[in-house]
Amino acid sequence: EAPPEVTLFDKIVKGEIPCNKVYEDEVCLAFRDIAPVAKTHVLVIPKVREGLTQLQHASAEHKFILGHMLGVAVPAVVKSEGLNSYRLVVNDGADACQTVFHLHMHIIGGGKPLSWPPGVPR
Ligand code: AMP
């Protein structure tokens, strides 16, 4: 499918749409999901989308961004939120419920134990 040229996450990075920021560095921004599914529901995004509309479009040129997200930004949020259990989710594609085509990782946890599994409704 043709992804939108600019998503709402670009507008959040630019400050054109407000967000509830929990972490920021030179590469990533993390903010609270507007429709949280747990006590902590934070989205971690790269400030510059590059070609990362979806994780399946990642290639070797994205190793730095992806490593920074997983190795720096996610642990920083997990620590600052005081999580000792959480779920890290990437919805990759419309049939996986991806709605914003700017790579993002959901950090979900806190409060009550999470349920499992996700998957196909039956
Ligand atoms: P996904 O469905 O994986 O593409 O995730 C997109 C997420 O963005 C959803 O969980 C939405 O609730 C969230 N979202 C949509 N608009 C906003 C917004 N303005 N601020 C924060 N989160 C948002």
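Residues numbered from 1 in each chain as written. Predicted model: local features only at pLDDT ≥ 70, side-chain atom pairs only at ≥ 80, totals over all residues. Heavy atoms only, no water.

Draft legend 1. Region of the structure containing the pattern of salt bridges. Following the criterion strictly, the structure yields three salt bridges and no others. Linking Lys21 and Glu24 is a salt bridge whose minimum nitrogen-to-oxygen distance equals 2.6 Å. Given the relative accessible area of 47%, Lys21 is considered partly exposed. Overall, the relative accessible area of 41% leaves Glu24 in the partly exposed class. Close ionic contact of Glu24 with Lys47 constitutes a salt bridge, the shortest N to O distance being 2.9 Å. Note that Glu24 is positioned in strand E1 (residues 21–24) and Lys47 in the loop between strand E3 (40–46) and helix H2 (63–80), a separation of 23 residues in sequence. The network of salt bridges with shared partners includes Lys21, Glu24 and Lys47. (Salt bridge = Lys/Arg side-chain N within 4 Å of Asp/Glu carboxyl O. Buried < 20%, exposed > 50% of the residue type's maximum accessible area, 1.4 Å probe, protein only. Helix = DSSP H or I, 4+ residues; strand = E, 2+ residues; numbered from the N terminus.)

Draft legend 2. Main features of unusual backbone geometry. Following Trp116, the chain continues to Pro117 via a peptide bond in cis, the omega torsion being 5°. Along the chain, Pro117 falls in the segment after strand E5 (105–109). Of note in the backbone geometry, Cys97 takes a positive phi value of approximately 70° without being a glycine. With respect to the helices, strands and loops of the structure, Cys97 is situated in the loop between strand E4 (86–89) and E5. Among the residues examined, Cys97 registers a relative accessible area of 57% and is labelled exposed.

Draft legend 3. Representation of the site of the ligand within the structure. Looking at the ligand, there are 16 residues lining it, with Asp33, Cys97, Thr99, His104 and His106 nearest. Between the ligand and Thr99 there is a distance of 2.7 Å, counted from an oxygen atom to a backbone nitrogen or oxygen. Contact distances for the ligand include 2.9 Å between an oxygen atom and a side-chain N or O atom of His104. Its free accessible area being 510 Å², the ligand has 82% of it covered by the protein chains. Where the shell around the ligand is concerned, the elements lending two or more residues are helix H1 (8–14) and strand E2 (28–32). Tallying contributions element by element places H1 first for the shell around the ligand, with three residues. (Near = heavy atom within 4 Å. Polar contact = N/O pair within 3.5 Å; in protein donor to acceptor, adjacent residues only side chain to side chain. Areas by Shrake-Rupley, 256 points an atom, 1.4 Å probe, with all protein chains shown as cover.)

In short, shape yes, function no, at least from these values alone.
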